[in-house]
Amino acid sequence: MDMIKRALDSDLFYSFRRTPVAVVSAIVALSLILSAVFAPLLAPFNPFDPSSLNLMNGFSAPMEPNAFTGDSFIMGTDDQGRDVLSTILYGMRISLFVGVLAVLFALLIGVVLGLVAAYAGGRTDAIIMRIADVQLTFPSILVAMLIFGIAKGFTPIHLRDQMAIWVLIVSIGLSDWVQFARVVRGAALVEKKKEYVEAAILIGRGPIAIIFKHILPNVLSPVLVIATISLALAIIAEATLSFLGVGAPPTQPSLGTLIRIGQGFLFSGEWWILFFPAVTLLMLALSVNLLGDWLRDALNPKLDD
């Protein structure tokens with residue numbers, strides 16, 4: 001209880017309460033995330049259960065009874081008769097799963113390399129930062145596509161659909177670690193010169209203990225900001241890859257896959273198949289990104305832009 005009381009009395013929560021954009025963004029993001037997590041309980045149908053599908057319900061418009069079956073769907077159905085609302089709820093689970101794990105993977109690599117580069121200095125620092133500089137010259141989506149293609153080429157054909165999600169996570173993670181490394185390196189270079197680090201060296205603490213027990217806790221604030229913003233970018237990257245047909249497989253469609261499917265029917269009049277997944281993706285990415293912007297302003301970290 002004391003921890004909760006301190007959190008509610010903190011400057012961060014005060015800033016949150018005084019920022020309407022952050023409050024609305026948090027409500028929208030939390031609502032979408034909870035809807036995805038509890039999709040099996042909230043979704044009217046299981047869109048990936050072939051036995052529950054009725055092709056006669058295909059292309060049903062939102063809130064209009066189907067001409068053949070008389071069934072009505074809140075957001076309509078797609079070409080296979082799948083309820084669009086249910087596919088969105090299940091698709092968000094894939095998008096969030098990929099986004100969160102990709103950011104955690106990028107964070108792990110970037111934080112470790114940034115700390116090592118800052119503490120070791122010299123040639124180690126130069127090599128890590130030059131690799132980061134080279135990667136920054138290419139758009140992250142192209143890097144992710146390249147890594148995805150290479151990784152998929154090494155995956156056995158019979159395992160490609162099962163491993164596609166994990167390959168996607170690794171691809172996005174490896175394309176986004178640079179920002180974490182640069183920010184952590186900049187903050188760690190400042191911390192490295194402080195007295196508590198020099199005292200730890202004098203008493204004989206090893207480099208690993210100094211890096212992870214002394215420096216790391218003092219550079220986590222900017223990492224949290226970057227992670228929040230990167231989550232929105234990772235969700236968009238996953239949707240982009242899936243839209244291009246190199247992401248989530250059709251058996252596990254994400255929001256990007258649903259948008260790609262809906263795009264094929266946009267000009268034939270079935271607008272809802274594209275519209276609702278696209279709006280959901282926009283709301284999810286925008287709300288998370290606005291939360292990241294607020295967190296950056298609230299914590300006011302010295303980001304290495």
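Structure: above.
Reading the values: rules and limits
- Residues numbered from 1 in each chain as written.
- Predicted model: local features only at pLDDT ≥ 70, side-chain atom pairs only at ≥ 80, totals over all residues.
- Heavy atoms only, no water.
- Helix = DSSP H or I, 4+ residues; strand = E, 2+ residues; numbered from the N terminus.
- Buried < 20%, exposed > 50% of the residue type's maximum accessible area, 1.4 Å probe, protein only.
- Contact = heavy atoms within 4.5 Å.
- Areas by Shrake-Rupley, 256 points an atom, 1.4 Å probe, with all protein chains shown as cover.
- Phe/Tyr/Trp six-rings, centres within 6.5 Å; stacked < 30°, edge-to-face > 60°.

Undergrad: Mind showing me how you'd approach the overall build of the chain here?
TA: The number of helices and strands found in the chain is 13 helices and zero strands. Along the first, second and third principal axes, the C-alpha set of the chain runs to 80 × 50 × 30 Å. Residues counted as buried form 44% of the 305 residues belonging to the chain. Within the chain, counting contacts between residues at least 6 apart in sequence, those at least 24 apart form 71% of the total. Accessible area for the chain stands at about 16300 Å²; split by element, carbon and sulfur atoms hold 68% of it.

Undergrad: Can you help me understand the side chain of N57 in this one?
TA: The residue N57 is located in the loop between α4 (39-42) and α5 (84-120) in this model. Beyond its immediate sequence surroundings of up to four residues, N57 is in contact with N66, T69, D71, F73, T77 and G81.

Undergrad: Got a minute to help me understand the packing of aromatic side chains in this structure?
TA: Aromatic ring pairs are described here by two measures, namely the spacing of the ring centres and the angle between the planes. Considering all chains together, one arrives at nine aromatic pairs under this definition. A ring pair is formed by F45 and F73, whose centres lie 5.7 Å apart and whose planes are at 50 degrees; its orientation type is tilted. One end of the pair, F45, is in the loop between α4 and α5; the other, F73, is in the loop between α4 and α5, with 28 residues separating them in the sequence. Assessed through its relative accessible area of 39%, F45 is described here as partly exposed. With a centroid separation of 5.2 Å and an interplanar angle of 65 degrees, the aromatic rings of F59 and F265 are classed as edge-to-face. Linking F59 in the loop between α4 and α5 with F265 in the loop between α12 (255-263) and α13 (272-299), this pair joins segments that are 206 residues apart in sequence.

Nothing here speaks to function; it is all geometry.
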